[in-house]
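# Results of the structural survey
For reference, the chains in residue letters:
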Amino acid sequence: MAKKSINEMSFLDHLEDLRWHLIRICSAVIIVATLAFIFSRFMFDAIIFAPKEMNFPTYHFLCNAANFIGVNTTFCAEEMPMIIQNRTMAGQFSADIWTAILAGFVISFPYVIYQLWKFISPGLHSNERKHSRGFIIISSLLFFIGVLFGYYIVTPLSLNFLANYSISETVDNQIDIGSYIALVRSSVLASGLIFELPIIIYFLTKIGLVTPEILRKYRKYALVIVLILSAIITPPDIASQIIVAIPIIILYQVSIYISKIVIRNQKRKEKQHA
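Here the residue numbers are simple positions, counted from 1 along each chain's written sequence. A pLDDT threshold of at least 70 governs which residues receive local features in this predicted model, and a stricter bar of 80 or more applies before side-chain atom pairs are shown or counted, although totals over entire chains, interfaces and linings include all residues. Processing note: side-chain calculations cover all non-hydrogen atoms of the structure and skip hydrogens and water entirely.

The cut-off we apply is this: UniProt positions are given in the numbering used here, feature names are shortened, and annotations may be inferred rather than shown by experiment.
Taking an unreviewed UniProt entry as the reference, the protein chain is identified by name as Sec-independent protein translocase protein TatC belonging to Flavivirga spongiicola. We quote the UniProt Subunit (unreviewed entry) comment for the protein chain here in full: "Forms a complex with TatA." The protein chain has a UniProt comment under Sequence similarities (unreviewed entry) that states "Belongs to the TatC family."

This is the structure we're talking about:
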């Protein structure tokens with residue numbers, strides 16, 4: 001039986017199509033999550049817990065930078081003043097499961113984007129599909145760059161600040177494993193999704209909700225939002241917020257340029273069909 005075209009599909013047909021795409025997405029995430037669960041000890045020791053060790057590359061770089069300008073910093077300490085502990089019976093098992101699912105989603109992201117693209121692409125014109133072939137590659141690349149930024153910049157800055165913050169010498173930082181993983185998870189996922197901003201602006205421009213003029217007009221408000229986002233995903237010190245805000249501001253400027261290109265191409269097509 002031939003597959004129905006996009007114009008022949010009813011609302012229920014679209015729902016059925018979406019259901020199968022979601023099933024494929026969930027299956028891919030579960031398969032990768034299962035593999036991550038099998039190698040969970042390596043994943044935790046070499047990846048998840050690595051930012052709490054002072055031999056982490058970010059701390060080396062920041063320590064050398066501080067020494068170069070003659071500033072004392074906690075980035076040069078021998079060990080992080082914190083202990084990770086588990087205080088519930090199922091705490092470690094839950095941490096293992098949810099971390100595996102997170103790893104499954106992150107690693108499967110290109111396939112997730114591919115399935116979403118397969119669902120929306122039939123509604124596009126042939127020339128739009130042709131010019132959007134790099135969508136999966138670009139969106140995946142931006143996401144992984146954001147994940148790396150969150151892992152190597154946001155996570156160690158947050159850990160170092162919060163572990164060294166003290167209200168009294170009588171209080172020790174004995175951090176629950178769930179709290180630690182939540183910080184790593186939010187830093188990585190938030191950064192990965194924020195780096196998708198150019199892709200989001202591209203589609204918002206395509207459907208007419210955003211224009212370069214609107215983006216320029218509300219640039220100062222966007223800057224405030226960027227600083228708020230930076231404050232949410234980083235510790236409340238100015239240096240960390242600035243470090244996180246810089247790439248987001250750059251992404252916003254790139255989004256303006258992308259929106260400008262989309263509008264220019266749309267006007268060119270309108271002139272050709274006039």
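Read on for the rest.
### Things to note about the nonpolar core
Condition: Here, the term nonpolar core denotes a set of buried Ala, Val, Leu, Ile, Met, Phe, Trp, Tyr and Cys residues that are joined through side-chain atoms within 4.5 Å. In this scheme, a residue with accessible area under 20% of its type's maximum is buried, one over 50% is exposed, and one in between is partly exposed, where area comes from a 1.4 Å probe on protein chains only. By the criteria applied, helices consist of DSSP H or I runs no shorter than four residues and strands consist of E runs no shorter than two, each listed in order from the N terminus. Should any heavy atoms of two residues lie within 4.5 Å, those residues are considered in contact.
The biggest cluster of nonpolar side chains holds 39 residues, and the ones touching the most others in it are Ile48, Tyr59, Met80, Tyr180 and Ile181. Among the elements of the structure, α1 (11-38), α2 (40-48), α3 (57-69), α4 (91-107), α5 (109-120), α7 (135-164) and α8 (177-194) are those that each provide at least two residues to this core. No other element matches the nine residues that α7 contributes to this core. The residues contacting isoleucine 48, other than those within four sequence positions of it, are Met43, Thr99, Tyr180, Ile181 and Val184. Of all hydrophobic cores here, the second largest spans seven residues; its members include Phe149, Ile194, Ile248 and Leu251.

### Observations regarding the UniProt feature "transmembrane region" (unreviewed entry) in the protein chain
UniProt marks residues 21-44, 97-114, 135-154, 188-209, 221-236 and 242-263 with the feature "transmembrane region" (unreviewed entry), using the numbering shown here. Across residues 135-154, helical content stands at 100% and strand content at 0%; the span's end C-alpha atoms are separated by 26 Å. Secondary structure content for residues 242-263 is 100% helix and 0% strand, while the C-alpha to C-alpha distance between its ends is 31 Å.

### Some thoughts on the side chain of serine 259
Positionally, serine 259 belongs in helix α12 (residues 238-273). Under the relative-accessibility criterion, serine 259 is labelled buried at 0%. With residues near it in sequence (within four places) discarded, serine 259 still touches Ile201, Thr205, Val210, Thr211, Pro212 and Leu215.

### Overview of the state of the cysteines
We count it as follows: We call a pair of cysteine sulfur atoms a disulfide whenever their separation is within 2.5 Å.
This model, assessed by the stated rule, comprises one disulfide. Between the sulfur of cysteine 63 and that of cysteine 76 lies a disulfide, 2.0 Å long from S to S. A torsion of 115° about the S-S bond marks the disulfide between cysteine 63 and cysteine 76 as right-handed. Of this pair, cysteine 63 sits in helix α3 while cysteine 76 sits in the loop between α3 and β1 (83-85), placing them 13 residues apart in sequence. Relative accessible area serves as the criterion here: at 14%, cysteine 63 is assigned to the buried category. Overall, the relative accessible area of 32% leaves cysteine 76 in the partly exposed class.

### So, the packing of α7 against helix α9 (residues 197-206)
Applied cut-off: To obtain an axis, a line is fitted to C-alpha atoms, over the contacting stretch when the element is a helix, and the angle between two such axes runs from 0 to 180 degrees between their N-to-C directions. If an angle is under 35 degrees, it is roughly parallel; if it is over 145, roughly antiparallel; if it lies from 65 to 115, roughly perpendicular; otherwise it is oblique. Three residue categories are used. Nonpolar comprises Ala, Val, Leu, Ile, Met, Phe, Trp, Tyr, Cys and Pro, charged comprises Asp, Glu, Lys and Arg, and polar comprises the others, including Gly.
Here α7 crosses α9 at 140°, and the two axes come no closer than 9 Å. In terms of their interaxial angle, α7 and α9 are classed as oblique. Contact residues: Phe135, Ile138, Ser139 and Leu142 in α7; Pro198, Ile199 and Phe203 in α9. Broken down by class, the residue content of the contact of α7 with α9 amounts to six nonpolar, one polar and no charged.

### Topic: α3
Note the threshold: Residue count minus one, scaled by 1.5 Å, sets the expected span of a helix. Each C-beta atom gives one direction from the helix axis, and the arc is the one those directions make.
Here α3 spans 19 Å end to end across 13 residues, near enough to the 18 Å set by a 1.5 Å rise per residue. Looking only at α3, the buried set comprises Thr58, Tyr59, Leu62, Cys63 and Ala66. The buried residues of α3 occupy an angular sector of 125° when the element is viewed end-on, so they sit on one face. For α3, the exposed residues lying more than 90 degrees away from the buried face are Phe61, Asn64 and Phe68. Check the buried side of α3 and you find it contacts α7. Where α3 terminates, the next one or two residues include glycine 70, which has phi positive at roughly 75°.

### Remarks on a nonpolar patch on the surface
The following threshold applies: For patch building, the residue pool is restricted to those with more than 30% relative accessible area and no salt bridge; the joining distance is 9 Å between like charges and 5 Å between nonpolar side chains (Val, Leu, Ile, Met, Phe, Trp, Tyr). We get accessible surface area from the Shrake-Rupley algorithm with a probe of 1.4 Å; when it comes to residues, only the shown protein chains can shield them. Here a salt bridge means any side-chain nitrogen of Lys or Arg lying within 4 Å of a carboxyl oxygen belonging to Asp or Glu.
Together, Ile31, Leu35, Ile38, Phe39, Phe42 and Ile47 make up a nonpolar patch on the protein surface, roughly 650 Å² of accessible area in all. For the nonpolar patch, the secondary structure elements donating two or more residues are α1 and α2. Tracing the backbone shows isoleucine 38 in helix α1. Judged by its relative accessible area of 56%, isoleucine 38 falls in the exposed class.

### Points about a positive patch on the surface
We apply this condition: Charged-residue counts in this description rest on Lys and Arg as positive and Asp and Glu as negative, His and the chain ends being excluded. Here the site of a charge means atom NZ of a Lys, CZ of an Arg, CG of an Asp or CD of a Glu.
Side chains of Arg216, Arg219, Lys260, Arg264 and Arg268 sit close together on the surface and give a patch of like positive charge. With three residues, α12 is the single largest residue contributor to the positive patch. Within the secondary structure, arginine 268 sits in helix α12. With relative accessibility at 45%, the residue arginine 268 sits in the partly exposed group.

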